[in-house]
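Summary of structural features
Read off the chains here:
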Amino acid sequence: CAKADTLSINTFDPPNSLYTVNNTCLLDSAVFANTSLSPIMGSTASWSWNFGDGSGLNTTVLNPHHLYAVPGNYQTTLITYSSNLACPDTLQDSITVFPMPVANFGFTNVCLNVAMVFNDLSTVSSGSITGWFWNFGDGTPVSIIQNPNHVYAVPGSYTVSLMVTTNNGCKNTVSKVIVVHALPVAKFSTSNVCDGSLVQFNDLSNILATDTIQSWSWNFGDASPVYNNQNSSHLYPAPGFYTVKLLVVSSFGCKDSISKISIINPNPIVGFTSNDTIGCEPLCISFLNSSTILSDANKKWAWDLGDGNSISNSQSFDHCYTNDSVFVATFYSVTLTVTSDSGCVSALTKNNYITVYPNPNASFTVQPKTAIITNPLISISDLSTGTNFWNWNFGDGSDTSSLSDPLPHSYADTGAYTITLITSTQYNCIDTAYQTIIIEPDFVFYIPNAFTPDGDGINDSFTGKGIFIKNFEMMIFDRWGNLIFFSDEINKPWDGKINDGSEIAPVDVYVYVVKITGFNKSKHVYRGIVTLVR
């Protein structure tokens, strides 16, 4: 007996597990990309990731990221479950986690302008380091050299970074602070001096506040020992040019130096001469500078002549000395001070170089100073001092006298006479005195009271007569006060005519006025009447 029955059954296909993952570096998460295919019947329901490093399964994330703690090779597994009876599909793959390099470098801080050497000290546990990327922290281009040198343009602190890359592409970076120490700036002040003077050297060096200057070294350029104080002074043995060098060193050991020329100028060698040194007052002397100098040039000359007078900027000149005494000689010391164009000064004094003998003081009086020719006797009295000898000249060509007080002198004619007294001393120094005396004329004048201008040659004109007349004026007036004649010469008389000589004056009485100035400037006026008779 048989019986048959028919049943329907379903056979479900599983999902197809697929994923990709790339090898990675330690500290970088491995990225898993799930590309699984869903089953034809049903759909994908869940996933289960096993990363092979003992960590827990991941059943929630479709495309998980996983960070491995230790480098190495790991077997990874993806199990995909379908929605029908959870049919699973499993796929395994391997991933390599490469070790990270340990970036490191060594260096030594340097002074400015010195190349800093960077030594790569980076390591990796497996593989090799194949790339270096240096950032020097000063904005300059990066370097890809393993062990570079770098010169910094400005002192200071810089953060230097090194990123290294392994042959597997793993990278690591390290940063360190380096210091570029400032250079000291060597400076000093000095001045040129004259031979025999100390030269002062004052340090003016400086450095940024991050460092300090620790030592100074002076080389004076004349084979003397090096001097190590901050400031110094030095006495050079001779004039000349010397190269002075200052070396300064900072607390870090950075150095700078500077050289300057120190000039030791020569002093003038002072000398002078004169054409004379002794004589009577006033003693006029010609001075001549004879100073010299080894180099440079003498520029200024200042003379102290010893008598309160000074002369500046003259090499040769004349000067007259006096002696206010009439009894003793006077001595003068002369000093010449010479200044070179470098400002060096030397002086020479010749003590009691000039001797000035006194002059006598010639003096006398005369009595009277003005006399008239009718009494021309002049008395002379000597008032001289410091005198040993006298010589009188009376100015009229008569005999001279050598007496201290000569006899009264009589003059033979009118005029002005200069009496001269020349006195001398035992040093043959002389002085002269003068007095002018005047012998005046004795004034005389007369005038008639009538004249007869009739042409007979007797009393034909009217004028005055006299002697020692300097100026003469005569005016004739008629009875009504009209001026009818004028003369300014005594030898130009009135001839009895009027109206410029065109008419004959009538017989009458006329008034005259005569004004006369004598040679002694005395003035006289004569008024009267004159009768014209024909």
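Structural data are supplied above this passage.
These notes cover the structure that comes with them. (Residues numbered from 1 in each chain as written. Predicted model: local features only at pLDDT ≥ 70, side-chain atom pairs only at ≥ 80, totals over all residues. Heavy atoms only, no water.)

So, the overall build of the chain
The secondary structure content of the chain amounts to 0 helices and 46 strands. In terms of C-alpha radius of gyration, the chain reaches 68 Å, well past the compact-globule figure of 24 Å for 534 residues. The principal-axis extents of the C-alpha atoms in the chain amount to approximately 240 × 75 × 25 Å. For the chain, the proportion of its 534 residues judged to be buried stands at 36%. Sequence separation of at least 24 residues holds for 57% of the intrachain contacts in the chain that already meet a minimum separation of 6. Distance from the positive charge centre (21 side chains) to the negative charge centre (40 side chains) of the chain: 6 Å. (Helix = DSSP H or I, 4+ residues; strand = E, 2+ residues; numbered from the N terminus. Rg over C-alpha atoms; globule rule 2.2 N^0.38 Å. Buried < 20%, exposed > 50% of the residue type's maximum accessible area, 1.4 Å probe, protein only. Contact = heavy atoms within 4.5 Å. Lys, Arg positive; Asp, Glu negative; His and termini not counted. Charge placed at Lys NZ, Arg CZ, Asp CG, Glu CD.)

A look at the side chain of D120
Here D120 shows up in strand β11 (residues 119-120). Despite its burial, D120 pairs with no opposite charge, the nearest such side chain being K176 at 9.5 Å. Reaching out from D120, the side chain makes a polar contact with the side chain of S122 at a distance of 2.7 Å. The residues touching D120, leaving out its near neighbours within four places in the chain, are N104, F105, W132, W134, Q146, N147, L162 and V164. (Salt bridge = Lys/Arg side-chain N within 4 Å of Asp/Glu carboxyl O. Polar contact = N/O pair within 3.5 Å; in protein donor to acceptor, adjacent residues only side chain to side chain.)

Let's talk about the packing of aromatic side chains
A full pass over the atoms with the stated rule returns 32 aromatic pairs. Geometrically, the ring pair formed by F118 and F136 is tilted, given 5.5 Å between the ring centres and 35° between the ring planes. Of this pair, F118 sits in the loop between β10 (116-117) and β11 while F136 sits in the loop between β12 (129-135) and β13 (149-150), placing them 18 residues apart in sequence. Centre to centre, the rings of Y357 and Y427 are 4.1 Å apart; their planes meet at 5°, and the pair counts as stacked. With Y357 in strand β30 (residues 345-357) and Y427 in the loop between β36 (415-424) and β37 (430-440), the pair connects residues that are 70 residues apart, well separated along the chain. By relative accessible area, Y357 is classed as partly exposed at 21%. The aromatic ring of F188 is capped on one face by K260, whose charged end is 4.9 Å from the ring centroid. When the ring centre of F272 is taken as origin, the NZ or CZ atom of K350, which lies over that ring, is 4.4 Å away. (Phe/Tyr/Trp six-rings, centres within 6.5 Å; stacked < 30°, edge-to-face > 60°. Lys NZ or Arg CZ within 6 Å of the ring centre and 35° of its normal.)

With respect to the side chain of S250
Its place among the elements puts S250 in strand β21 (residues 240-250). Leaving out residues up to four positions away in the same chain, S250 has contacts with P184, I207, T212, I213 and Q214.

Section: the sheet that holds strand β9 (residues 110-111)
The mixed open sheet is built from 4 strands, whose spatial order is β9-β15-β14-β12. Because the sheet does not close on itself, it has two edges, and the strands there are β9 and β12. (Pairing = 2+ DSSP bridges.)

Quick notes on the state of the cysteines
Chemically, a disulfide is nothing more than a covalent bond linking the sulfur atoms of two cysteines. Taken as a whole, this structure holds 5 disulfides when the rule is applied. Across the disulfide from C25 sits C170; the S-S distance is 1.8 Å. Sign of the S-S torsion, about -95° for the bond between C25 and C170, identifies this disulfide as left-handed. Of this pair, C25 sits in strand β2 (residues 24-25) while C170 sits in the loop between β14 (156-166) and β15 (171-181); the two residues are 145 residues apart in sequence, bridging distant segments of the chain. Each disulfide pairs two cysteine sulfurs, and for C284 the partner residue is C320, the sulfurs being separated by 1.8 Å. Looking along the S-S bond of the C284-C320 disulfide, the torsion reads about 105°, which is the right-handed sense. Taken as a pair, C284 in strand β25 (residues 283-289) and C320 in strand β28 (residues 316-321) lie far apart in primary sequence, 36 residues in all. (Disulfide = S-S within 2.5 Å.)

Notes on the environment of H150
By the secondary structure assignment, H150 is in strand β13. Since its relative accessible area comes to 10%, H150 is described here as buried. For the pair formed by H150 and G501, sequence separation is 351 residues and the distance between their alpha carbons is 133 Å. When residues no more than four places from it in sequence are discounted, the contact partners of H150 are V114, A115, M116, F118, F136, D138 and T140.

Regarding the sheet that holds strand β32 (residues 370-372)
An order of β32-β37-β36-β34 is seen for the 4 strands of this open sheet, with the pairing classed as mixed. The two strands at the open ends of the sheet, each matched to only one other strand, are β32 and β34 (389-393). Ignoring which end each strand starts from, the neighbouring axes of this sheet average 25° apart. (Axes fitted to C-alpha atoms, helices over the stretch in contact; angles between N-to-C directions.)

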